[in-house]
Amino acid sequence: MATHIFTSIIANYLPKARVLARSVKKLHKDCVFHLILSDAVPKEIKLANEPFDKIWTIEDLGIPSADQWVFKHSIVEASTAVKGFATLRLLDQPGCTEVLYFDPDIVVLSKLDGLLKRFEGASVLLTPHQTEPEETLEAILDNEVCSLKHGTYNLGFVGVKNSREGRRFAEWWAHRLHHFCYDDIPSGLFTDQKWIDLAPGMFPDLAILHEPVYNVSTWNLTNRMVAGSLQSGPKIDGKPVVFYHFSGFDSGAQEVMLNKYGADMPVLYELREWYVEECEKMGQTELSKIPWKYRAFDNGSPVTPAHRKTYRTRADLQEAFPNPFSTSDPGDSYFHWFEASDESRKPARMWRF
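Here the structure is a predicted model, which means the values were calculated and not measured.

Peer 1: Just to check I follow, could you spell out the packing of helix 1 (residues 14-27) against helix 9 (residues 266-281) for this structure?
Peer 2: Across the interface, helix 1 lies against helix 9 with an axial gap of 8 Å and an inter-helix angle of 115 degrees. Overall, the two elements helix 1 and helix 9 adopt an arrangement that is roughly perpendicular. Where helix 1 crosses over helix 9, the handedness of that crossing is right-handed. Taken together, the residues of helix 9 that come into contact with helix 1 (itself represented by Pro-15, Lys-16 and Val-19) are Trp-274, Tyr-275, Glu-278 and Cys-279. Looking at the contact of helix 1 with helix 9 residue by residue, the classes come out as five nonpolar, no polar and two charged.

Peer 1: Teacher, can you tell me more about the layout of surface pockets here?
Peer 2: Once rolled over the atoms, a probe with the size of a water molecule shows which space is left empty. Put simply, the largest pocket is a space of about 1100 Å³. The wall of the largest pocket is formed by 41 residues, among which Asp-103, Asp-105, Phe-190, Ser-247 and Gly-248 lie closest to the centre. Listed by contribution, the elements that provide at least two residues to the lining of the largest pocket are strand 1 (2-9), helix 3 (75-91), helix 5 (137-150) and helix 8 (253-261). The element best represented in the lining of the largest pocket is helix 3, accounting for six residues. Class assignment of the residues belonging to the lining of the largest pocket gives a composition of 14 nonpolar, 19 polar and eight charged. A volume near 410 Å³ is recorded for the second largest pocket. Taken together, 20 residues make up the lining of the second largest pocket; nearest its centre are Lys-26, Val-107, Val-108, Leu-109 and Trp-274. Counting only elements with at least two residues in the lining of the second largest pocket, the list comes to helix 1, strand 5 (106-108) and helix 9. Considering every element that reaches the lining of the second largest pocket, the biggest residue donor is helix 1, with five residues. Partitioning the lining of the second largest pocket into residue classes produces 11 nonpolar, five polar and four charged.

Peer 1: Even after reading the chapter, I still don't get the sheet that holds strand 12 (residues 235-236), so can you show me in this structure?
Peer 2: Backbone-to-backbone hydrogen bonds pair the strands of a sheet. The strands run either parallel or antiparallel. Across the sheet, three strands lie side by side as 11-12-13; this open sheet has antiparallel pairing. The open sheet has two free edges, formed respectively by strand 11 (226-227) and strand 13 (239-240), since each of these has just one partner strand.

Peer 1: I tried to follow helix 9 on my own but got confused; where do I start?
Peer 2: Since the α-helix packs 3.6 residues into each turn, any two residues three or four apart lie on the same face. Between the first and last C-alpha of helix 9 there are 23 Å, a value that for 16 residues agrees with the 22 Å anticipated at 1.5 Å per step. Those residues of helix 9 that sit buried are Val-267, Leu-268, Leu-271, Arg-272, Tyr-275, Glu-278 and Cys-279. Within helix 9, the buried residues cover an arc of 140 degrees as seen down the axis, which keeps them to one side. Those residues of helix 9 that are exposed and angled more than 90 degrees off the buried face are Pro-266, Glu-273 and Lys-281. Each element contacted by the buried residues of helix 9 is listed here: helix 1, strand 5, strand 11, strand 14 (243-245), helix 8 and helix 10 (284-287). Directly after helix 9, the chain includes Gly-283, whose backbone phi takes a positive value near 100 degrees.

Scoring rules and cut-offs
- Residues numbered from 1 in each chain as written.
- Predicted model: local features only at pLDDT ≥ 70, side-chain atom pairs only at ≥ 80, totals over all residues.
- Heavy atoms only, no water.
- Axes fitted to C-alpha atoms, helices over the stretch in contact; angles between N-to-C directions.
- Helix = DSSP H or I, 4+ residues; strand = E, 2+ residues; numbered from the N terminus.
- Parallel < 35°, antiparallel > 145°, perpendicular 65-115°, else oblique.
- Left-handed = near helix turned anticlockwise from the far one by under 90°.
- Contact = heavy atoms within 4.5 Å.
- Nonpolar A, V, L, I, M, F, W, Y, C, P; charged D, E, K, R; others polar.
- 1 Å grid on protein atoms, 1.4 Å probe; cavity = no way out; pocket = protein on both sides within 12 Å on 5 of 7 lines; lining within 4 Å.
- Points joined across faces, edges and corners; volume = space filled by probe spheres on them.
- Pairing = 2+ DSSP bridges.
- Expected span 1.5 Å × (residues − 1).
- Buried < 20%, exposed > 50% of the residue type's maximum accessible area, 1.4 Å probe, protein only.
- Arc of directions from axis to C-beta.

Structure follows, in structure tokens:
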């Protein structure tokens, strides 16, 4: 019987996934850690040398019409959309008692025993972005309004028990992500995350983790004073932080918001410096440049966001071109891609197939 833990990445996030997996394995040697890779497996990976117990690709997850499906998604959409399928697959693993998902830019700092104990009374565990009301207009705009757009619960973490209710949740989530995992805030969607706003109303056997030691990040630092040191471990109200989330790290947003809301928490700067060094040790400089397998057609021409959006909204194109990455020529048919703008809708590229 074991806890199965996974993260989901494309290849250039491999260093972060290694840091996460090593942090988990250091504290929970008996857990089974899975890497879900929505990409080609880099030649640099030798599983025996990795902190992962198993690596899964999109082809391993049983997604129907996988080429069509992944073509419809951006990098972020694809990496998040596989999470439901992966959860179902891992629940089917022999001896699996529960599945935990962590974003690759998370580090586990303390044992997960208290979190796992919550499964005694619940089948699904979630962490909210905020657990206390903000007090300033600026923080309301930065944090609460942001949560209204992107989702109440942060899907950098989700826990699912291997129970009837846990599986019911996982099946619902996987189905929604199969069809509707898009970054389309005007339509009420934000990848896998916005869907979970509905979950507490649909799944009574669900627990919301209000304890401030879980999923600490810049978007909740206004109400979480993190003290201590890197050596003694970050603490909130004297309790060890269980996992810290470096959300927005690559874009620079993490550093900006840390300076804004965590300037009086020196331990978080120590932790950030450590994280940069650990990622570098895990190959950040070299591996961060790996291009995404699904970024281009098979002739090397880039797949644009307009291509993806047009294809996913046109059932006729999906039927006519079951492998949209292919530019082989079966006849005299043409595939017209369009780019939409505010003023007009003009042909952007025409491929002869």
